[in-house]
Amino acid sequence: MHQVTFDPARMEGKIITNTSVVRHEDLETILDIFNDTISSGLAVCPIIKVEDLGEWIQIHTACSLTIDGVLLKRGIPVRPKGGGIIEVIDREPTRFTDMLMYWATTIDPIDILISQELTGISGMMRTGNGRILGNLQEAPMLARDRIEEVLDNLAEAEFAGVLDLGEPNMDVLGISVERDHLGIALVGGTNLVAVATELGIDVKNESISGLTEISEMRHIEDLL
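Let me sum up the structure you'll find in this document. All figures in this text were calculated on a predicted structure; none of them were measured in a lab.

## A look at the sheet that holds strand S1 (residues 14–23)
As summarised here, the arrangement of the five strands in space is S9-S1-S3-S2-S10, forming an open sheet in which the pairing is antiparallel. Two strands in the sheet have a free side with no partner beyond their single neighbour: strand S9 (203–213) and strand S10 (218–219). Strands in contact with helix H6 (residues 191–198) are S1, strand S3 (56–62) and S9; relative to S9, the strand with the most contacts, it is inclined by about 160°.

## Brief notes about the pairing of strand S4 (residues 79–89)
Where S4 and strand S6 (residues 130–140) come together, nine bridges link them in antiparallel fashion. In the sheet register, proline 80 faces S6, and the bridge partner there is glutamine 137. When S4 meets strand S5 (residues 92–101), the two strands line up antiparallel, connected through eight bridges. Residue pairing in the sheet places isoleucine 89 in a bridge with glutamate 92 of S5. As consecutive antiparallel partners, S4 and S5 are separated by two residues, and within that stretch aspartate 90 has a phi angle of approximately 50°, a positive value.

## Some points on the pattern of salt bridges
Tallied over the full model, the rule gives 10 salt bridges. The shortest N-O distance in the salt bridge between glutamate 51 and lysine 49 comes to 3.8 Å. By relative accessible area, lysine 49 is classed as buried at 16%. Lysine 81 is the partner of glutamate 138 in a salt bridge, and the nearest nitrogen-oxygen pair spans 3.2 Å. In this pair, glutamate 138 sits in strand S6 while lysine 81 sits in strand S4, placing the two residues 57 residues apart along the sequence.

Conventions and cut-offs
- Per chain, the residues get numbers from 1 upward, laid out in the order the sequence is written.
- Local features in this predicted model are restricted to residues whose pLDDT is 70 or higher, and side-chain atom pairs enter the listing and the counts only when it is 80 or higher, whereas totals over whole chains, interfaces and linings include all residues.
- As a rule here, side-chain values come from all non-hydrogen atoms in the structure, and water together with hydrogens is ignored.
- The rule for pairing is simple: two strands pair if DSSP sees at least two bridges between them.
- Numbering of helices and strands starts at the N terminus; helices are DSSP runs of H or I of at least 4 residues and strands are runs of E of at least 2.
- Two residues qualify as a contact provided that any one of their heavy atoms is within 4.5 Å of a heavy atom in the partner residue.
- Lines fitted to the C-alpha atoms define the axes, with helices restricted to the stretch that makes contact. Angles between their N-to-C directions range from 0 to 180 degrees.
- In the sections that follow, a salt bridge refers to a side-chain nitrogen of Lys or Arg positioned within 4 Å of a carboxyl oxygen of Asp or Glu.
- The rule is simple: take the accessible area with a 1.4 Å probe, protein chains only, and divide by the maximum for that residue type; under 20% is buried, over 50% is exposed, in between is partly exposed.

Structural data, given as structure tokens:
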């Protein structure tokens, strides 16, 4: 998070990315899946990087912790709290049904949840009801106006994925926050991989795998 240098106004700098690896013959299929998932509002942004490794293709996609990194650069001491499964009813996120706190695990909570096959993202995209991946951040309540300003700037750069910006000292999707703080619920960047897995694509994923220059990435629609 502290290494993020992304400036949404200039579309310059480094963002945190997740890395997916798929077979070359699955590239067209997985790009279509990723595009549908992004269009459904279940990813951080539509900008990706594709690298040809011969038999395999490596795809870098935006991690939601990029948003935390930008908030930090603007002087807002945001802190990741945990990752979990969010129940969606009629296309509205209602509550976290499962949550793993970052302090309780040495690997990314989202990766654990994907491996447990607890998601129902493809069904949610079809019917509006299902279970998606998301995470929760905490920030001081006095920074709310500044947070809203930064999130608006990010949205203008097509970095979205904010499911809920909570009120001070109030639960966010059923999860309590620390006193004098507010919660920010974000979609998980690895929803893309989870959908592909649900649909039977063999994809290997590493969350929070590194930093990628935004100038090296392209809008997914330009790759279809």
